[in-house]
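Spelled out, the chains give:
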Amino acid sequence: MLIKPRRESNPRKLVLSPTKIATYLACPLMYKYMYITKIGRFYYKPKAGHSFGASMHRALQTFHEHGAGETQTVEQLADHLRETWVAIGYESVAEEQESLTEGVKMLEEYYSAPPVPGTVTIFTERQLRQDMGEFVLLGRIDRLDQHTDGTLEIIDYKSGREDVTEDEVRHDLAMSIYQLLTKSQYPNDRVTASILCLRTGVKATVEMTAEELAAVENDVRAVAGEILAISEDTEFEPTEKDICPICDFEKLCIKIRAQNS
Ligand code: SF4
């Protein structure tokens with residue numbers, strides 16, 4: 001039997017998301033550990049905040065996919081949370097139960113907020129991708145609504161925040177990338193972006209200008225250029241940063257610093 005020669009596969013393009021870019025900007029060494037050497041899986045510690053956020057997102061996704069308030073009751077929304085609840089990362093069963101109760105209360109508030117008349121949800125929890133040449137840019141959008149005047153509104157749920165300002169939305173890396181991706185997918189539509197704090201219902205909305213979006217694209221391309229240059233051989237010093245105490249690699253970096261000193 002003849003064995004067919006294996007085709008050389010094209011090297012895969014770098015895929016960048018807001019999370020990956022934010023990780024690199026926060027600490028290039030953390031980026032290397034997570035996405036180049038991929039040792040992150042050995043150090044990852046489940047976090048209650050991540051589980052809570054994922055559970056809330058899934059509950060809202062199911063709620064909107066099933067017709068939201070037009071066909072769903074508030075009890076059904078709460079049931080979606082119980083059905084999709086992610087239990088890992090909590091210190092105790094009591095803490096987990098407290099979070100679940102809090103989540104149900106937040107969803108009840110969400111349900112009671114009157115929807116903007118005529119607004120249609122285009123999709124929930126969808127990944128948008130854009131080929132940028134040397135890399136692919138992607139972002140996962142929580143919800144995209146369309147208003148009666150045709151304006152598209154990107155809605156990003158925050159399950160841990162109580163407040164947000166327009167300035168914070170305008171300078172938020174992920175929100176800027178979501179606008180860039182949405183605008184490239186819907187070039188003829190007006191696009192706005194909102195952060196919605198699920199704990200309080202506070203929402204802030206911005207619309208970036210074409211110049212601002214061009215600046216975001218330039219910044220993303222510049223960071224992508226730096227990231228593309230990283231390999232397993234690239235060395236980064238584990239210098240102390242504010243985020244070290246909450247980083248999964250802290251023990252490893254302390255050990256390396258001790259060895260280097
Ligand atoms: S512990 Fe600090 S230096 Fe080490 S990877 Fe994390 S953030 Fe970077």
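Please read all numbers here as calculations on a predicted model, not as lab measurements.

Caption draft 1: Layout of the nonpolar core. M30, M56, A59, I154 and Y178 are the most contacted members of the largest nonpolar core, which totals 44 residues. Formed jointly, this core draws a minimum of three residues from each of two domains, domain 1 (45-115) and domain 2 (120-228). When sequence neighbours within four positions are dropped, the list of residues in contact with I154 reads I141, L144, Y178, Q179, T182, V191, A193 and S194.

Caption draft 2: Focus on the site of the ligand. The environment of the ligand is formed by C27, L29, M30, P238, K241, I243, C244, C247, F249, E250 and C253. Where the shell around the ligand is concerned, the elements lending two or more residues are α2 (28-36) and α11 (250-260). Considering only residue class, the shell around the ligand consists of nine nonpolar, no polar and two charged.

Caption draft 3: Here's a closer look at the domain arrangement of the protein chain. Here the protein chain is described as being made up of domain 1 (45-115) and domain 2 (120-228). Spacing between the C-alpha centres of domain 1 and domain 2 amounts to 23 Å. Residue assignment for the side of domain 1 that touches domain 2 shows that the elements contributing at least two residues are α4 (48-65) and α7 (93-112). The dominant element in the side of domain 1 that touches domain 2, judged by the number of residues it contributes, is α4, at nine residues. Looking at the side of domain 1 that touches domain 2, its residues break down into seven nonpolar, five polar and two charged.

Caption draft 4: Just the packing of α4 against helix α6 (residues 74-83), in detail. One way to put it is that α4 packs onto α6 with a least axis distance of 8 Å and a crossing angle of 135 degrees. Relative to α6, α4 is oriented oblique. The two elements α4 and α6 cross, and the hand of that crossing is right-handed. Between α4 and α6, the residues in contact are S55, M56, A59, T62 and F63 and L77, H80 and L81, respectively.

Caption draft 5: Examining the pairing of strand β3 (residues 135-146) more closely. In this structure, strand β1 (residues 14-16) lies alongside β3, joined through three bridges in parallel fashion. Within β3, the position partnered with L16 by the bridge is L137. The sheet contact formed by strand β2 (residues 120-131) and β3 spans 10 bridges and is antiparallel. Looking across to β3, one finds that T124 is bridged to R143. Between β2 and β3, which pair antiparallel and follow one another directly, the connecting turn spans three residues, one of which, G133, has a positive phi of 100 degrees. With four bridges connecting them, β3 and strand β4 (residues 152-158) associate as antiparallel partners. By the bridge assignment for β4, D145 is matched with E153. Connecting β3 to the next strand, β4, in antiparallel fashion are five residues, including G150 with a positive phi near 95 degrees.

Rules used throughout
Here the residue numbering is sequential within each chain, running from 1 through the sequence in written order. In keeping with the model being predicted, local features are shown solely for residues with a pLDDT of at least 70 and side-chain atom pairs are shown and tallied solely at 80 or more, while totals for entire chains, interfaces and linings include all residues. When buried Ala, Val, Leu, Ile, Met, Phe, Trp, Tyr and Cys residues are joined through C-beta atoms within 7 Å, the set is termed a nonpolar core. The exposure label follows from counting other C-beta atoms within 10 Å of a residue's C-beta, where the C-beta atoms are placed from the backbone and the thresholds are 20 or more for buried and 12 or fewer for exposed, leaving partly exposed in between. Boundaries of every domain are those given by an automatic assignment or by a domain database. By the convention adopted here, residues are in contact when the distance between their C-beta atoms, placed from the backbone, does not exceed 7 Å. We count a residue as near a molecule or strand when its backbone-placed C-beta atom lies within 6 Å of that partner. A run of DSSP states H or I qualifies as a helix once it reaches four residues; a run of E qualifies as a strand once it reaches two. Both are numbered from the N-terminal end. For this scheme, ten residues count as nonpolar: Ala, Val, Leu, Ile, Met, Phe, Trp, Tyr, Cys and Pro. Four count as charged, namely Asp, Glu, Lys and Arg, and the remainder, Gly too, count as polar. Only the contacting stretch of a helix is used when fitting its axis, a line to C-alpha atoms as for every element, and angles between N-to-C directions run 0 to 180 degrees. For classification purposes, angles smaller than 35 degrees are called roughly parallel, those larger than 145 roughly antiparallel, those between 65 and 115 roughly perpendicular, and all remaining angles oblique. By definition, turning the near helix anticlockwise from the far helix through less than a right angle yields a left-handed crossing, and turning it clockwise yields a right-handed one. For two strands to be treated as a pair, DSSP must find no fewer than two bridges joining them.

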